[in-house]
Amino acid sequence: MIYELRVYRCLPGRLPALIKRFESVTLKLWEKHGIRQSGFFTTVIGESNQELTYILKWESLAEREKVWTAFMSDPEWMSSRAKSEEDGQIVGNIVSQLLAPTAFSALK
């Protein structure tokens, strides 16, 4: 199993719009494409309270490439993302890391 840690840093005041997009659009499309999440988090204490962090789980790098590419090119996702940004850009930057669990990790 490979885990992907993704951190979205929103533009000031835009975190609620990102959370709304995940709740109303993104998660349904992930289900359609078979994307599995392990958890979502907002930052309570840290560098920015305008961040949404989440973890995805993948069987392999090949699965991630195939499934993520299909999701990102899904016409429903592209139109929904554009519609959610009609009031302006939401995310300033995204950091993504692909992680392999250690032998002693609770997540395997």
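Criteria and thresholds
- Here, residues in each chain are numbered from 1, in the same order as that chain's written sequence.
- Whole-chain, interface and lining totals are the exception, using all residues; otherwise, since this is a predicted model, local features are given only for residues with pLDDT of at least 70 and side-chain atom pairs are given and counted only at 80 or more.
- No hydrogens and no water enter the side-chain calculation; it runs on all heavy atoms of the structure.
- Lines are fitted to the C-alpha atoms to define the axes, a helix being fitted only along its stretch in contact, and any angle between axes, read from their N-to-C directions, falls within 0 to 180 degrees.
- Helix numbering and strand numbering both begin at the N terminus, where a helix is a DSSP run of H or I of at least 4 residues and a strand a DSSP run of E of at least 2.
- Each angle gets one of four labels, with under 35 degrees taken as roughly parallel, over 145 as roughly antiparallel, 65 to 115 as roughly perpendicular, and the rest as oblique.
- Residues count as neighbours in contact if any of their non-hydrogen atoms are within 4.5 Å of one another.
- In this scheme, a residue with accessible area under 20% of its type's maximum is buried, one over 50% is exposed, and one in between is partly exposed, where area comes from a 1.4 Å probe on protein chains only.
- Two strands qualify as a pair provided DSSP detects at least 2 bridges between them.
- To define a nonpolar core, start from buried Ala, Val, Leu, Ile, Met, Phe, Trp, Tyr and Cys residues and group those joined through side-chain atoms within 4.5 Å.

Draft legend 1. Representation of the packing of helix α1 (residues 15-33) against helix α3 (residues 75-84) in the model. Following both chains from N to C, one finds α1 and α3 inclined at 170°, their axes separated by 11 Å at the closest point. Accordingly, the angle class assigned to the pair α1 and α3 is roughly antiparallel. Only E76, W77, S80, R81 and S84 of α3 make contact with α1, whose side of the interface consists of R21, V25, T26, L29 and K32.

Draft legend 2. Expanded view of the environment of K66. Structurally, K66 can be placed in helix α2 (residues 61-72). Taking relative accessible area as the criterion, K66 reaches 66% and is therefore assigned exposed. For K66 and H33, which are 33 residues apart along the polypeptide, the C-alpha to C-alpha distance reads 9.9 Å.

Draft legend 3. Here's a closer look at the sheet that holds strand β1 (residues 2-10). Read from one edge to the other, the open sheet built from 4 strands follows the order β2-β3-β1-β4, with strand pairing classed as antiparallel. For this open sheet the edge positions go to β2 (36-42) and β4 (91-99), each flanked by a neighbour on one side alone. The mean inter-strand angle of the sheet, taken between neighbouring strand axes irrespective of direction, is 15°. For β1 and strand β3 (residues 51-58), the ladder comprises 8 bridges, and the chain directions are antiparallel. Residue pairing in the sheet places V7 in a bridge with T53 of β3.

Draft legend 4. Main features of the nonpolar core. In this structure, L18, W30, I35 and W68 are the most contacted members of the largest nonpolar core, which totals 19 residues. Residue contributions to this core peak at 6 residues, all from α1. In this structure W68 touches R6, W30, I35, Y54, L56, W58 and E63, once residues within four positions along its chain are discounted.

Read these as geometric descriptors, not functional statements.
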